[in-house]
Amino acid sequence: MIHPSKSRSQRRLILFAVAVVGTALIAVAPSPGGLTVKGQYALATMFFAGFLWVTGALPLAVTAISIPFVLTALGVYPDLDTALVGFADHLIFLFIAGFMLANALQKYDIDRRIALYMMYVMGSSPRRLVGAVMLATAFLSMWVSNTATTAMMTPIALGVLTQVLGREEVTAAADDPSADIDSSVAADSRSEDKDSGTSSDVASDGGLADTTRSDSFTNLQISMLLGTAYAASVGGVGTLIGTPPNAILAGQLDKILGYEIGFVQWLLIGLPIVVVTLPLVWYLLTFRIYPPKIDDVDDARDEAGRYLRAEGPLSTRGKRVAIIFTVTAGLWVLGGLGGFFSDYLPATWATTIFGGKGATVLGVEGHQGLLYYVMVGLAAIPALVLADTMEWDELADIDWGTILLFGGGIALADALAATGATNWIANTVFGSLTGAPILLVVGVVVLLIIFLTEMTSNTATASIIVPILIGIGGIFATTLGLAEVSAAIFLSVSGAVAASFAFALPVATPPNAIVFGSGYIQQEHMMRAGVILNLVMTAVLTVLIWLMFQFVWPAILW
């Protein structure tokens, strides 16, 4: 019998060997017309990274830090320092600051208090209870990474379910689920072990489990857990720091086009999408796909209120964190309103505060701006320490793998753009759509991104596809009636948004994976809801993006 770890190791070696051989074959093949030798080597590097990302042969971050090595080894860059520039991109530091702020919120249970409060206020019926969990998850996911939000909200959702269904009716998909009900949320008067869930099958009628059985999944359990995952993905679209594809897009637009999306700009892009799509996902889950068949949720609502009261008053340090977070978020928004306030300030102060090329109050020419959103984020970190709320080891406990993944994606995008490989791919792959109606172009982009994300992950898909979408701006500029840069921005933003709307498979997004990994839901539950939502969201996003293209984005993006 082959030991599982040995089997995984063999699979990893085989896949890595395939990646190396494939990369070598692309590198030594005759160069196609219109593609430089360095461009061909950049494509070979993209295959290397893309293949390993898609197959999961190596952790995403390990593949990412291999990209500068491959680019330098193939001669795309003459030295390693140039290949590593992407890892020092300013947006990487924005995410570092965002992750550290999230750690502070979690340390003092501020995020949990928000979730419990929303459930207590809104949870007057089963559907509204699911809606409260989804709304709390989506809101938190805008400011805390959607991965961390889902990890926090899943045990809370399970705790709510124990109050509605009873602990014995919260069905586990396996004998030993990898994540259990949070005892601090789901404390129950019963003394039963929370690991007592048994292996089960889906209820034949897809509805409420019989009260005499514990081996059936209820619609309430399925809709609440799926709603938690889906709300985290949708909510992450709302802000620039909410989900990795947003940051990948912003970083690659800056590197390839020299175009920078500000925090407020993205808020005006993402928030309307969240406002439209989140209620639709909730409606489809709770009214059409998995409608709850329970009437009384008073126990769950009361329990949320009880735990909220048990939290007690927020500590002095917790209040300091809340103030720092509120001020930081407020300054992020204020910093994007420079165009309005600059007219009312002396020119030197406007340049110093909001940025520009003119003289500053410091007597120098040109300034990034004190309210530049990355500057504000970085300033919040020493503020947390000076306020005696966080120590370095607590701040440093963040998802460094995601940070490295951003750097690798930016390094790859830089290479593809600098060598002309992005434009070559765009002309070769998407040239046939030239002259097609705008709705068709957007629909193809959205459908392609959602499909690829289901097969890989939204982060890997964004890292691979966003540079290509930027490159096809020139092809569709005439079709869209825009300048090349504006067309590239429009298509890449559309693709980045679509990357957060893959709902069918656990691998597609971290929230999907976390909820599935909890052991309280089966893949067929996610498949059934996800396929329906993918199809509906493809149509909805296509129309919504087209409407925003017509009436909103021109005033924001170009």
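Residues numbered from 1 in each chain as written. Predicted model: local features only at pLDDT ≥ 70, side-chain atom pairs only at ≥ 80, totals over all residues. Heavy atoms only, no water.

### Description of the side chain of threonine 23
By the secondary structure assignment, threonine 23 is in helix 1 (residues 4-28). You can call threonine 23 buried: its relative accessible area is 7%. (Helix = DSSP H or I, 4+ residues; strand = E, 2+ residues; numbered from the N terminus. Buried < 20%, exposed > 50% of the residue type's maximum accessible area, 1.4 Å probe, protein only.)

### A word on a nonpolar patch on the surface
There is a patch of nonpolar side chains on the surface, built from Leu337, Phe340, Phe341, Tyr344, Leu345, Trp349, Val361, Leu362 and Val364 and spanning about 870 Å² of accessible area. Residue valine 364 is classed as partly exposed on the basis of its relative accessible area of 41%. (Patch = residues over 30% accessible without salt bridge, like charges linked within 9 Å, V, L, I, M, F, W, Y side chains within 5 Å. Areas by Shrake-Rupley, 256 points an atom, 1.4 Å probe, with all protein chains shown as cover. Salt bridge = Lys/Arg side-chain N within 4 Å of Asp/Glu carboxyl O.)

### Here we look at the pattern of salt bridges
Pairs may arise between side chains of opposite charge once their charged atoms sit close together. Considering all chains together, one arrives at 4 salt bridges under this definition. In this structure, aspartate 388 engages arginine 317 in a salt bridge whose closest nitrogen and oxygen atoms are separated by 2.7 Å. One end of the pair, aspartate 388, is in the loop between helix 17 (373-386) and helix 18 (392-395); the other, arginine 317, is in helix 14 (residues 316-335), and 71 residues separate them in sequence.

### A few points about the environment of leucine 337
Secondary-structure assignment places leucine 337 in the loop between helix 14 and helix 15 (338-341). Between the C-alpha atom of leucine 337 and that of glycine 262, which follows or precedes it by 75 residues, the distance is 9.9 Å. In this structure, leucine 337 is in contact with Val264 and Phe354, ignoring residues within four places of it in sequence. (Contact = heavy atoms within 4.5 Å.)

### Description of helix 10 (residues 219-236)
If you check helix 10, its first and last C-alpha atoms are 25 Å apart, about what 18 residues at 1.5 Å a residue would give, namely 26 Å. The buried fraction of helix 10 is high, at 18 of 18 residues. (Expected span 1.5 Å × (residues − 1).)

### Observations regarding the nonpolar core
Counting residues in hydrophobic clusters, the biggest one holds 171 residues, and the most contacted among them are Tyr230, Val493 and Phe501. For this core, the element with the most residues is helix 5 (residues 90-107), which contributes 12 residues. Residue assignment places this core across two domains, with domain 1 (93-172 + 217-313) and domain 2 (317-388) each supplying three or more. The contacts of tyrosine 230, once residues within four sequence positions are left out, are Val281, Leu285, Phe503, Asn512, Met526, Ala529, Gly530 and Leu533. Formed by 8 residues, the second largest nonpolar core is a distinct cluster that contains Ala19, Phe48, Leu52 and Leu58. (Core = buried A, V, L, I, M, F, W, Y, C linked by side-chain atoms within 4.5 Å. Domains from an automatic or database assignment.)

### Thoughts on unusual backbone geometry
Not every positive phi belongs to a glycine, and aspartate 109 is a case in point at roughly 60°. If you trace the backbone, aspartate 109 turns up in the loop between helix 5 and helix 6 (110-122). Phi is positive for aspartate 388, which is not a glycine, with a value near 60°.

### Here we look at the confidence of the model for the protein chain
Looking at the protein chain, the pLDDT average stands at 82 and 90% of residues meet or exceed 70. Predicted confidence is poor over residues 174-215, with pLDDT under 50, and the contacts of this stretch with residues over four places away or in other chains come to 98 contacts. (pLDDT = per-residue confidence, 0-100.)

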